[in-house]
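If you want the building blocks of each chain, they are given just below.
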Amino acid sequence: MSTEYISLHGGHSGQYCAHAKDQLEDIIREYIRQEFTCVGITEHAPPESDIFLYPDEIALNLTAKKLYAQFAGYFKELKRLKHKYRGKVKIYAGMETETVTGFEDHTHKLISKFVPDYIVGSVHHVKDICFDYSREKYETACAVCGSIDALYETYFDQQYKMINVLKPFVVGHFDLIRIFDDDYENRLLKANIADKIDRNLNLIKTLNLVMDFNLRPLAKGKKKPYIAASILKRARALNISLVPGDDSHGVNEVGGHVNIAIKILKKYGFETNWPEPKLFSLYIKDKQ
Ligand SMILES: [Zn+2]
Ligand SMILES: [Zn+2]
């Protein structure tokens, strides 16, 4: 039997995300058309306050309050779609989290309120600067940290903290910090950085979490997915599970390159019996 197509990170839609396009229902229909049997939809979590809005959200006059209301609408719509398309595709209602100052309490509250099926824990900020937003923001983050190496080290430290606090079922695009760095392959091997990567991988293994094999770079014309080959090998040696994530932000990106991801994972010897997403019970306790 051939391996089933899956994505556990993606399905961002223009309906609920300022930098995505298309309606969520059209995105779900496209997954069905491509014969996905199971898909995780992981819209970005709203910020706690306006100071953490992204530049494109500010330009659209969005506020933290509006984004929160939109996020509530997102879970409501997912519930409707889950029901409407039951029997055709199994939809997991997820969310992608942030790591800005105060994220611990804020994310915990969101999880208790909306009880998603699972979460994707991502780091898009270093010292509260959204380094993946543009090259300019990346350079600012670099300057604040003092060097590119220091930027990587700070990123992996923040990621370690996030994994410990949130225990996300999926750790999103583990090495996103290389996004604007042409020399990332060498940098990931530098002792100070490689040690932190090993530490984080060991934590992922101890907690039995899954890593996102993220295909967004391919959608943007780059050659290599996150995570880089050197990290892929270490994850394999530790027997960590990887699952493809198309990180789609519109119908045209749905399912993109998942076939390639599966081929690479098989080549490296990873299992392709995908694990079922779940939410760790530590969050649900709070609700009662
Ligand atoms: Zn996004
Ligand atoms: Zn992300």
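To be clear, the structure that these remarks concern was listed above.
Residues numbered from 1 in each chain as written. Chains lettered and ligands numbered in written order. Predicted model: local features only at pLDDT ≥ 70, side-chain atom pairs only at ≥ 80, totals over all residues.

(A) View of the overall build of the protein. Regarding its fold elements, the protein presents 11 helices and nine strands. Rg of the C-alpha trace for the protein: 18 Å, near the compact-globule value of 19 Å for 288 residues, within the 12% margin. For the protein, the spread of C-alpha atoms along the principal axes amounts to about 50 × 50 × 40 Å. Relative to its 288 residues, the protein shows a buried fraction of 43%. In the protein, the proportion of contacts linking residues at least 24 apart, taken out of those at least 6 apart, comes to 76%. (Helix = DSSP H or I, 4+ residues; strand = E, 2+ residues; numbered from the N terminus. Rg over C-alpha atoms; globule rule 2.2 N^0.38 Å. Buried ≥ 20, exposed ≤ 12 C-beta atoms within 10 Å, placed from the backbone. Contact = placed C-beta atoms within 7 Å.)

(B) Looking closely at the sheet that holds strand S2 (residues 38–44). Spatially, S1-S2-S3-S4-S7-S8-S9 is the arrangement adopted by the seven strands of the open sheet, whose pairing is parallel. Single-partner strands in this sheet number two, and they are strand S1 (6–7) and strand S9 (241–245). The sheet contact formed by strand S7 (residues 170–171) and strand S8 (residues 210–214) spans two bridges and is parallel. Residue pairing across strands places Val-171 opposite Met-211, the latter belonging to S8. The strands touched by helix H11 (residues 258–267) are S1, S8 and S9; relative to S9, the strand with the most contacts, the crossing angle is about 160°. (Pairing = 2+ DSSP bridges. Axes fitted to C-alpha atoms, helices over the stretch in contact; angles between N-to-C directions.)

(C) Up close: the packing of helix H6 (residues 148–166) against helix H8 (residues 191–207). Contact geometry of H6 with H8 gives a least axis separation of 9 Å together with a crossing angle of 15°. Taken as axis vectors, H6 and H8 run roughly parallel relative to one another. The way H6 lies across H8 gives a crossing that is left-handed. Where H6 abuts H8, its residues Asp-149, Tyr-152, Glu-153, Phe-156, Asp-157, Gln-159, Tyr-160, Ile-163 and Asn-164 lie against Asn-192, Ile-193, Lys-196, Ile-197, Arg-199, Asn-200, Leu-203 and Ile-204. Residues of the contact of H6 with H8, tallied by class, amount to eight nonpolar, four polar and five charged. (Parallel < 35°, antiparallel > 145°, perpendicular 65-115°, else oblique. Left-handed = near helix turned anticlockwise from the far one by under 90°. Nonpolar A, V, L, I, M, F, W, Y, C, P; charged D, E, K, R; others polar.)

(D) Representation of the nonpolar core. Ranked by internal contacts, the top residues of the largest apolar core, which has 71 residues, are Leu-151, Val-170, Met-211, Ile-227, Ala-235 and Leu-242. Per-element tally for this core: the top contributor is H6, with eight residues. Setting aside its immediate chain neighbours within four residues, Val-170 contacts Leu-8, His-9, Tyr-118, Val-120, Val-210, Asp-212 and Val-243. (Core = buried A, V, L, I, M, F, W, Y, C linked by C-beta atoms within 7 Å.)

(E) Region of interest: helix H10 (residues 229–237). Residues Ile-231, Leu-232 and Ala-235 constitute the buried set of H10. Here the buried residues of H10 occupy an arc of 105° about the axis, which is enough to place them on one side. In this structure, the buried residues of H10 make contact with H8, S8 and S9. Phi for Asn-239, located one or two positions after H10, is positive at around 65°. (Arc of directions from axis to C-beta.)

(F) Layout of unusual backbone geometry. Residue Ile-227 is bonded to the preceding Tyr-226 through a cis peptide linkage, with omega at 20°. Among the structural elements, Ile-227 can be located in the loop between helix H9 (216–219) and H10. One non-glycine residue, Glu-35, lies in positive phi territory at about 65°. Along the chain, the position of Glu-35 falls in the loop between helix H1 (24–33) and S2. Backbone geometry places Lys-127, a non-glycine residue, at a positive phi of 50°.

(G) Quick peek at the pairing of strand S3 (residues 90–97). Of all the eight residues making up S3, seven are buried; the element is thus mostly covered by neighbouring parts of the structure. As judged from the seven bridges shared by S2 and S3, these two strands associate in the parallel manner. When the bridges of S3 are listed, Thr-42 appears paired with Gly-94. Between the parallel pair S3 and strand S4 (residues 118–121), the chain is carried across by helix H4 (residues 103–114), and the sense of this crossover is right-handed. (Right-handed = clockwise from strand over helix to strand, strands pointing away.)

(H) Structural context of the pairing of S8. The element S8 is largely enclosed, with a buried count of five among its five residues. The alternating pattern of S8 places Val-210, Asp-212 and Asn-214 and Met-211 and Phe-213 on opposite faces, both of which are buried. Here five bridges tie S8 to S9, and the two strands are oriented parallel to one another. Directly across from Phe-213, in S9, lies its bridge partner Pro-244.

(I) Representation of the packing of helix H5 (residues 135–145) against H6. At their nearest, the axes of H5 and H6 sit 8 Å apart, and the two run at 90° to each other. In terms of orientation, H5 and H6 fall into the roughly perpendicular class. Contact with H5, carried on its side by Ala-141, Cys-142 and Cys-145, involves Ile-148, Ala-150, Leu-151 and Thr-154 of H6 and no other residues of that element.

(J) Spatial organisation of the environment of Gly-256. Turning to its location among the elements, Gly-256 is positioned in the loop between S9 and H11. Taking the number of C-beta atoms within 10 Å as the measure of exposure, Gly-256 has 20 and is therefore buried. Gly-256 sits 124 residues away from Asp-132 along the chain, and the two C-alpha atoms are 20 Å apart. What Gly-256 contacts, discounting residues up to four positions off in sequence, is Leu-215, Leu-218, Ala-219, Asp-246 and Ser-248.

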